[in-house]
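What the coordinates show
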Amino acid sequence: MAVKLRPEIAALQPYRQGRPAAPDAFKLSSNENPFPPLQAVLDAISGSSFHRYPDAAATVLRARLAERLGVTPDQVHTGSGSVAILQQLIQAAAGPGDEVLYAWRSFEAYPGLVTVAGATSVQVPIRADGTHDLDAMAEAITDRTRVVIVCSPNNPTSAVVTEAEFTAFMEKVPDTLLVLLDEAYAEFVTDPDAVHGIPLLSRYPNLVVLRTFSKAYGLAGLRVGYAVGPAYILDAARSTAIPLSVTEPAQRAALAALENEAELLARVQTLIERRDDLARQLADQGWNLPAAQGNFVWLPTGEQTADAGNVLESHGIIARVFPPDGIRVSVGEPESVDKLLQATAEVVQTLREAL
Ligand SMILES: Cc1ncc(COP(=O)(O)O)c(C=O)c1O
């Protein structure tokens, strides 16, 4: 006999983390930052009074972010990772009978978060080049749609939404419909045409932008992200949040990261150059990649995805395989790049032979 669970929850796959890598392999499956924590961040954490509860409102961090972003502190909300804020906002806006619309394939957490809220996912296929089809998304809006999630750069394809596409889309969306622009990888974007959400907040009263300290700022394990948008929408998120979940070490680390931003952004620049170099070399091998703008690249391996993943693994590269679509590989340590390129050359060879 089993206890009665909500059937849609029992049917869910629990969140699958990027596989742990063997000691001599590179873990390129979670879009983490390969650089170790800054000493200044370690020092900041070591001063934490974590026998006490943290400041539930993350007052200092929110004030600092607000000042930098040109908004008021109540227009900033912090969460234990931006994924926590995504969950809060979906729960705040959508329940049974409501629809949450997003592109697919996109961030693997979206479907589960929608199901947990009791709402229904409406997935609009991405285009062949890995970009959002925002025209099709606008057409998929119904009177039951409560949230639209736009992910730029899109995880896992690494392709951006352009500002022109986004603003054209927003003009078609009713003001009463919440649009979440998930910019987890914003700091890695170099495409001058890409959308940047923060400057658009004053134009669109139904827009909330999600950012994180996990990727560019290298704090994935401390869990801290933030949302920027209208205060009353963020208040609704705060109402659904588990109180006190952004810990004092996380708040202190985020502040220290902001104080030492120049050093962190220099690392981001290194990763951008590594990414662009990797993308060029993959193109030279014959790969048809979407233009990579996150800290990861997308290999469109289609039906060969599982086999290609095995080839990568045999070369010591642990990537994230999404059969039957493709493989997402994070831009990691410099030594991982050559190994990856050897593996992808072998995959190209094998795929050619399979034709
Ligand atoms: C598109 C996207 N959004 C949000 C997140 C969540 O990041 P975090 O909860 O660490 O801020 C991720 C993490 O991989 C992501 O890829």
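In short, a report on the structure. This structure is a prediction, so every number in the text was calculated from the model and none was measured. (Residues numbered from 1 in each chain as written. Predicted model: local features only at pLDDT ≥ 70, side-chain atom pairs only at ≥ 80, totals over all residues. Heavy atoms only, no water.)

What to know about the overall build of the protein
- Assigned secondary structure in the protein consists of twelve helices and twelve strands.
- Here the C-alpha radius of gyration of the protein, 20 Å, is about what a compact globule of 355 residues would show, namely 20 Å.
- Projecting the C-alpha coordinates of the protein onto the three principal axes gives extents of approximately 55 × 55 × 50 Å.
- Partitioning the contacts of the protein with sequence separation of at least 6, the portion at a separation of at least 24 is 72%.
- Summed over its atoms, the accessible surface of the protein is roughly 16,000 Å², and 54% of this surface lies on carbon and sulfur atoms.
- Averaging the locations of the 28 positively and 42 negatively charged side chains of the protein gives two centres separated by 6 Å. (Helix = DSSP H or I, 4+ residues; strand = E, 2+ residues; numbered from the N terminus. Rg over C-alpha atoms; globule rule 2.2 N^0.38 Å. Contact = heavy atoms within 4.5 Å. Areas by Shrake-Rupley, 256 points an atom, 1.4 Å probe, with all protein chains shown as cover. Lys, Arg positive; Asp, Glu negative; His and termini not counted. Charge placed at Lys NZ, Arg CZ, Asp CG, Glu CD.)

Concerning the packing of aromatic side chains
- The final tally for this structure, using the stated rule, is seven aromatic pairs.
- Ring centres of Phe 107 and Tyr 110 lie 5.5 Å apart, and the angle between their planes is 85°; on these two criteria the pair is classed as edge-to-face. As far as burial versus exposure is concerned, Phe 107 and Tyr 110 are alike and both buried.
- Among the aromatic residues, those joined into a cluster by ring pairs are Tyr 102, Trp 104, Phe 107 and Tyr 110. (Phe/Tyr/Trp six-rings, centres within 6.5 Å; stacked < 30°, edge-to-face > 60°. Buried < 20%, exposed > 50% of the residue type's maximum accessible area, 1.4 Å probe, protein only.)

Observations concerning unusual backbone geometry
- In this structure, the amide linkage connecting Ser 152 to the following residue, Pro 153, adopts the cis form with an omega of -5°.
- Among the structural elements, Pro 153 can be located in the loop between strand S5 (145–151) and helix H7 (163–172).
- The amide bond that connects Asn 155 to the next residue, Pro 156, takes the cis arrangement and shows omega of 20°.
- Assignment of secondary structure puts Pro 156 in the loop between S5 and H7.
- The backbone phi angle of Arg 223 is positive, close to 65°, even though this residue is not glycine.
- Positionally, Arg 223 belongs in the loop between strand S7 (207–212) and strand S8 (225–228).
- Positive phi is not limited to glycine here, since Leu 244 has a value of about 65°.
- Mapped onto the fold, Leu 244 is located in the loop between helix H8 (231–240) and helix H9 (248–259).
- Note on Leu 244: relative accessible area 32%, which makes it partly exposed.

Concerning the pairing of S5
- For S5, the buried fraction is high: six of the seven residues fall into the buried class.
- Sheet topology places S5 next to strand S6 (residues 178–182); five bridges connect them, and they run parallel. Bridge assignment links Ile 149 to a residue of S6, and that residue is Leu 180.
- Crossover connection from S5 via H7 to parallel S6: handedness right-handed. (Pairing = 2+ DSSP bridges. Right-handed = clockwise from strand over helix to strand, strands pointing away.)

Quick notes on the site of the ligand
- Surrounding the ligand, one finds 13 residues, the nearest of these being Ser 82, Asp 182, Tyr 185, Thr 212 and Ser 214.
- Take Val 83: an N or O atom from its main chain is 3.1 Å from an oxygen atom of the ligand.
- In the environment of the ligand, an oxygen atom lies 2.8 Å from a nitrogen or oxygen atom belonging to the side chain of Arg 223.
- For the ligand, the accessible surface in isolation is 390 Å², of which the surrounding protein chains cover 93%.
- Looking at the shell around the ligand, its residues break down into five nonpolar, five polar and three charged. (Near = heavy atom within 4 Å. Polar contact = N/O pair within 3.5 Å; in protein donor to acceptor, adjacent residues only side chain to side chain. Nonpolar A, V, L, I, M, F, W, Y, C, P; charged D, E, K, R; others polar.)

Some remarks on the pairing of strand S3 (residues 99–104)
- Of all the six residues making up S3, five are buried; the element is thus mostly covered by neighbouring parts of the structure.
- Pairing geometry for S3 and strand S4 (residues 120–125), over six bridges, is parallel. Residue pairing in the sheet places Ala 103 in a bridge with Val 124 of S4.
- Assessed by its sense of winding, the connection that carries the chain from S3 through helix H5 (residues 109–116) to S4 is right-handed.
- Direction of pairing for S3 relative to S5: parallel, over a ladder of four bridges. For Leu 101, the partnering residue across the bridge sits in S5 and is Val 148.

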